[in-house]
Amino acid sequence: MTDMNDDELRARFSALKAEDGRVEPEFRSMFNRVAQSSPTDRSRVRSSTRWVAVAAAILIAAVLLVGKARDLRREQQTVLAPQTITTWESPTAALLEPPAPDLLAPPPLLSSVFDGVASPTLDLKTD
Amino acid sequence: MEQELERELERLHSESWGWALACCGRDRDLAEEVLQSAYLRIISRRATFNGDSSLRTWVFGVIRWTARTELRRRLFWIRRHTDSEGANEVVDMSRGPDVIAERSEEREALIHALESLSRRQREVLQLVFYHDMTIEEAARVMKVSLGSARTHYDRGKKSLAQKLEHGVDR
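Residues numbered from 1 in each chain as written. Chains lettered and ligands numbered in written order. Predicted model: local features only at pLDDT ≥ 70, side-chain atom pairs only at ≥ 80, totals over all residues. Heavy atoms only, no water.

## Considering the overall build of chain B
Each helix and strand in chain B was counted, giving 9 helices and 0 strands. When the helices and strands of chain B are read in sequence order from the N terminus, they spell out α-α-α-α-α-α-α-α-α. A fraction of 67% describes how many contacts in chain B between residues 6 or more apart in sequence connect residues 24 or more apart. Of the roughly 9200 Å² of accessible surface on chain B, a fraction of 47% belongs to carbon and sulfur atoms. (Helix = DSSP H or I, 4+ residues; strand = E, 2+ residues; numbered from the N terminus. Contact = heavy atoms within 4.5 Å. Areas by Shrake-Rupley, 256 points an atom, 1.4 Å probe, with all protein chains shown as cover.)

## Remarks on unusual backbone geometry
Residue and element names in this part refer to chain B. Positioned with a positive phi, R26 is a non-glycine residue whose angle comes to about 65°. Structurally, R26 can be placed in the loop between α1 (2-23) and α2 (28-43). A positive phi is found at K143, a non-glycine position, where the angle reads about 55°. Accessibility expressed as a relative area gives 68% for K143, which makes it exposed. (Buried < 20%, exposed > 50% of the residue type's maximum accessible area, 1.4 Å probe, protein only.)

## Quick look at the packing of aromatic side chains
If you walk through the whole model with that rule in mind, you get 6 aromatic pairs over all chains. Seen from their ring centres, F27 of chain A and Y39 of chain B are 5.7 Å apart, and the 75° between their planes marks the pair as edge-to-face. Separated into two different chains, F27 of chain A in helix α2 (residues 27-87) and Y39 of chain B in helix α2 make up a pair that spans both. With a centroid separation of 5.7 Å and 5° between ring planes, the pair formed by W19 of chain B and F60 of chain B is classed as stacked. Here W19 of chain B is found in helix α1, whereas its partner F60 of chain B is found in helix α3 (residues 55-81), with 41 residues between them in sequence. F60 of chain B matches W19 of chain B in its accessibility class, with the two residues each being buried. An aromatic cluster of three or more residues is present, and its members are F13 of chain A together with F129 and Y153 of chain B. Sitting above the plane of the F60 of chain B ring, R56 of chain B keeps its charged end 6.0 Å from the centroid. (Phe/Tyr/Trp six-rings, centres within 6.5 Å; stacked < 30°, edge-to-face > 60°. Lys NZ or Arg CZ within 6 Å of the ring centre and 35° of its normal.)

## Examining the nonpolar core
Grouped together as the largest cluster of nonpolar side chains are 56 residues, with contacts concentrated most on F13 of chain A together with L9, V59, I63, L125, L127 and L160 of chain B. In terms of residue count, the dominant contributor to this core is α2 of chain B (9 residues). Look past the residues within four positions of F13 of chain A in its chain and what remains in contact with it is L110, L114, L125, Q126, F129, Y130 and L160 of chain B. (Core = buried A, V, L, I, M, F, W, Y, C linked by side-chain atoms within 4.5 Å.)

## Quick word on the layout of surface pockets
All names here are of chain B. Of the voids in this model, the second largest pocket is the one considered here, and its volume is about 300 Å³. Of all the secondary structure elements, the ones that give two or more residues to the lining of the second largest pocket are α3 and α8 (135-142). In terms of residue count, α3 provides more of the lining of the second largest pocket than any other element does, 9 residues in total. A breakdown of the residues in the lining of the second largest pocket according to their chemical character gives 5 nonpolar, 4 polar and 6 charged. (1 Å grid on protein atoms, 1.4 Å probe; cavity = no way out; pocket = protein on both sides within 12 Å on 5 of 7 lines; lining within 4 Å. Points joined across faces, edges and corners; volume = space filled by probe spheres on them. Nonpolar A, V, L, I, M, F, W, Y, C, P; charged D, E, K, R; others polar.)

Limitation: the analysis is restricted to geometry and does not speak to function.
So this is what it looks like as structure tokens:
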């Protein structure tokens, strides 16, 4: 157990407090220094707030513009859609149309067998 | 309103100074800087009093927060700019030779004993015995629960008394 009671501890702290008081800076001079730096600080806070507000306004305007542009584009697409579908042509469609389609066409099988053959005249007996 | 606040700060100035010293490892220059920064926070309304506690408790809370921020900032700067050996050296500067030389024997013993306690024990004892706060008020300043403050108070007081009677090494 300890013999030192609260009063003794308090007395020691009081002595410490008294010594601290001897090196205490003067309130007025300290406060004046603070008061002088305070307006600068406040104006710094104000100007930074202003910059934040400007940046926020620009951001909001940009978002609105992008949204508006997107809506406009969507509207245009919906108006043009029926026309473009009917008139649309594949960019490679020309490749599917050869310049001389007759050359590439397969010769007709039946006609080749009888090509140049004169049709026989059959003599039919009528007896 | 501002003048009223100024008057209150002036009334609390001695107490605030003692508390700033305690929060800064009794480094006078640092304590002065911290106290000035705390006043700046208060009058520029960066710290606002919402009336949950007494004005003194609130001002002490602002000083404590400012001191901790400043000490953390210094430690970070030191770690970035010096090696670990240098960092220890600069941290110990908070108890520089000029400060130590001024200490009377009894004061020296008390400070030495306080320094050997944990930070929270030191804080609660300082608030109760130096500033005559209740443990509840001390808990508010330290932002800990009442139960936790009581534990720190009991253990800290016992340890401090032992160290003052028998020396810090015990």
